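A structural walkthrough
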Amino acid sequence: MSVQNVLNLIKEKNIEWVDFRFVGLSGKAQHISLPATEVDEETFVNGVAFDGSSIPGFRGIEQSDMVMMPDTETAYIDPFTAHPTLIIMSNIHTPEGDRYDRDPRSIAQKAEEYLQTTGVGTTAFFAPESEFFIFDDVRFENGMNKSYFEVDSEEAGWNTARKEEGGNLGYKVPVKGGYVPVAPMDSQQDIRSEMCNKLADAGLRIERHHHEVATAGQAEINFRFDTLTKTADNLLKYKYIVANTAREYGKVATFMPKPLFGDNGSGMHVHMSIFNEGNPLFYEKGAYANLSELAINYIGGILYHAPALIALTNPSTNSFKRLVPGYEAPVNLVFSKGNRSAAVRIPIAAVTPKGCRIEFRTPDSTANPYLAFAAMLMAGLDGIKKKIDPRALGYGPFDTNIYEMSDAEKAEIRSVPGTLDEALDALAADSEFLTEGGVFTQDFIDNYIELKRGEAKAVAIRIHPHEYNLYFDC
């Protein structure tokens, strides 16, 4: 969409406000709204100024001036505002006009540019499956003398005996019993359908939605794949619309990986493939799972660099509460066709040559999608460049249920890092693949590690309620 087309849209739709957005290191969108009457062609040339020192991990107060440079291709109408508002994503530039090397969206674009310089292919496609919970009530507090969280859902398995006004109507979703039941067990068909309608109006092509495995309102909506940066843009749009639609229904949505103890967490399985001028490069008929050697090497790069990669794809302390055996969590750094206990799965049902892809199942939605997708692409390309063979390194294929293997058998299989600090250690030791072509800078990586270590320390020094169970009477 050209600048003139955006200005025409503002007039045609009687837009009152233009909401310029960017994304910080955490992956959360930030925004500044301008009156539509103040937006003209020069806005898209000069950008919109903001204070970078107020965004964690961006700039010091002595270099606080930053500029949002709007990307007109991302424009869509906000479905929630009372006053007609147009949303536009932006890249971040310095006041001198340079692309800011800590801007996640610019890093994603540089990864796509780097792909084209390698001679491997022209386009990388990504498709995330971002799961979430829909709760009716969320409470939490952390203070000197108390620390707790409490969530509730009308469909939660723990509410089978709850007395309600008018009576308890039953049909509660059991723990690990929520995968695709029909109503009345699935009580959230309409809210998910409304989310999908709003997402479609905002430009996403919706493929399906359903209830997920966990109790208490776990859900999944799938939207169509796209190129790396566009898919990251779409994921931010997806999370924004899911969260605000839930709020309209008097509920709350969270993409937190493990909000409940003892049931499945929410992941973000990411499907990937590379094309060259419209031709798929991951397909080879008759090979294992119909995968080409190029795709096998891409998998090799993902699995070889996985410990470091996970610092970007699973960047929260809560991520590692999900990454434990027994809850369909992909903790095993191996690949397999169709096997959901492997970190990398190759879908084989109803797959065409153009649909041939790999699925990295470890990530979750606390990841900044621009950084996570860029890092995955860089790891895969490093595997192709160095011809990393995952079979020779013992990464599979494993076509049996790994969770049912003996301890001796599983001892030979690498697992994901056990904590965020371990993943950050791995990233500190293995980051050269990210800096190829100047996609990530060492300054960015060092700054990112420092920021995330601060988060890990903030959690580690706080008193956990379970410690009272373990140690109060010591």
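Residues numbered from 1 in each chain as written. Predicted model: local features only at pLDDT ≥ 70, side-chain atom pairs only at ≥ 80, totals over all residues. Heavy atoms only, no water.

Observations concerning the overall build of the protein chain
- When helices and strands are tallied, the protein chain shows 14 helices and 18 strands.
- Against the globule reference of 23 Å for 474 residues, the protein chain gives a C-alpha radius of gyration of 23 Å, in line with a compact fold.
- Taken along the three principal axes of its C-alpha coordinates, the protein chain extends 65 × 60 × 50 Å.
- Buried residues in the protein chain amount to 52% of all 474 residues.
- Pairs at least 24 residues apart make up 68% of the contacts formed inside the protein chain by residues separated by at least 6 positions.
- Within the structure as shown, the protein chain displays about 21800 Å² of accessible surface, and the carbon and sulfur contribution to it stands at 51%. (Helix = DSSP H or I, 4+ residues; strand = E, 2+ residues; numbered from the N terminus. Rg over C-alpha atoms; globule rule 2.2 N^0.38 Å. Buried < 20%, exposed > 50% of the residue type's maximum accessible area, 1.4 Å probe, protein only. Contact = heavy atoms within 4.5 Å. Areas by Shrake-Rupley, 256 points an atom, 1.4 Å probe, with all protein chains shown as cover.)

Digging into the packing of helix 6 (residues 293-304) against helix 9 (residues 369-385)
- Axis separation between helix 6 and helix 9 bottoms out at 6 Å; the angle between their running directions is 120°. With respect to helix 9, the axis of helix 6 lies oblique. The two elements helix 6 and helix 9 meet at a crossing, and its hand is right-handed. Judged by residue contacts, Leu294, Asn297, Tyr298, Gly301 and Ile302 of helix 6 engage Met376, Leu377, Ala379, Gly380, Leu381, Gly383 and Ile384 from helix 9. (Axes fitted to C-alpha atoms, helices over the stretch in contact; angles between N-to-C directions. Parallel < 35°, antiparallel > 145°, perpendicular 65-115°, else oblique. Left-handed = near helix turned anticlockwise from the far one by under 90°.)

A closer look at the UniProt feature "modified residue: O-AMP-tyrosine" (unreviewed entry) in the protein chain
- Taking the UniProt record as the reference, the feature "modified residue: O-AMP-tyrosine" (unreviewed entry) is found at Tyr403.
- When you line up the elements, Tyr403 lands in the loop between helix 9 and helix 10 (407-410). (UniProt positions renumbered as here; feature names shortened; annotations may be inferred.)

A look at the side chain of Thr254
- Along the chain, Thr254 turns up in strand 13 (residues 252-254).
- In this structure the side chain of Thr254 is engaged in a polar contact, spanning 3.1 Å, whose partner is the backbone nitrogen of Met256.
- In this view, Thr254 contacts Phe132, Phe133 and Phe135; residues no more than four positions away in its chain are not counted. (Polar contact = N/O pair within 3.5 Å; in protein donor to acceptor, adjacent residues only side chain to side chain.)

A few points about the pattern of salt bridges
- Summed over all chains, the structure comprises 23 salt bridges.
- In this structure, Asp233 and Arg105 form a salt bridge, with 2.7 Å as the shortest nitrogen-oxygen distance. Taken together, the positions of Asp233 in helix 5 (residues 228-248) and Arg105 in helix 3 (residues 104-118) put the pair 128 residues apart, joining distant regions of the chain. As far as the burial class goes, Asp233 and Arg105 line up, both buried.
- Its salt-bridge partner being Glu359, residue Arg361 comes within 3.0 Å of it at the nearest N-O pair. Glu359 matches Arg361 in its accessibility class, with the two residues each being buried.
- Residues joined in a network through salt bridges with shared partners are Asp19, Arg21 and Asp78. (Salt bridge = Lys/Arg side-chain N within 4 Å of Asp/Glu carboxyl O.)

Brief notes about helix 3
- Relative to the 21 Å expected for 15 residues at 1.5 Å per residue, helix 3 spans 21 Å between its end C-alpha atoms, a close match to the ideal helical length.
- By the burial criterion, the buried members of helix 3 are Pro104, Arg105, Ser106, Ile107, Ala108, Gln109, Lys110, Ala111, Tyr114 and Leu115.
- Phi for Gly119, located one or two positions after helix 3, is positive at around 80°. (Expected span 1.5 Å × (residues − 1).)

As for the domain arrangement of the protein chain
- The domain architecture assigned to the protein chain consists of domain 1 (3-100) and domain 2 (123-472).
- The centre of domain 1, based on its C-alpha atoms, is set 29 Å off from the matching centre of domain 2.
- With 16 residues of domain 1 at the contact, the number on the domain 2 side is 17 residues.
- Among the residues domain 1 hides against domain 2, the three largest losses belong to Leu25, Tyr76 and Phe80. Together they make up 47% of the total.
- If you look at where domain 1 meets domain 2, you find 5 residue pairs in polar contact (both at pLDDT 80 or more).
- For the side of domain 1 that touches domain 2, the elements supplying multiple residues, two or more each, are strand 1 (17-23) and strand 6 (85-93).
- Its residues placed into classes, the side of domain 1 that touches domain 2 shows 9 nonpolar, 5 polar and 2 charged. (Domains from an automatic or database assignment. Buried area = accessible area lost by both parts, 1.4 Å probe. Nonpolar A, V, L, I, M, F, W, Y, C, P; charged D, E, K, R; others polar.)

Some thoughts on the pairing of strand 4 (residues 65-70)
- With respect to burial, strand 4 is a largely interior element, 5 of its 6 residues being buried.
- Looking at chain direction, strand 3 (residues 48-51) and strand 4 are connected through 4 bridges and run antiparallel. Bridge pairing in strand 4 places Asp51 opposite Asp65.
- When strand 4 meets strand 6, the two strands line up antiparallel, connected through 4 bridges. Bridge assignment links Val67 to a residue of strand 6, and that residue is His93. (Pairing = 2+ DSSP bridges.)

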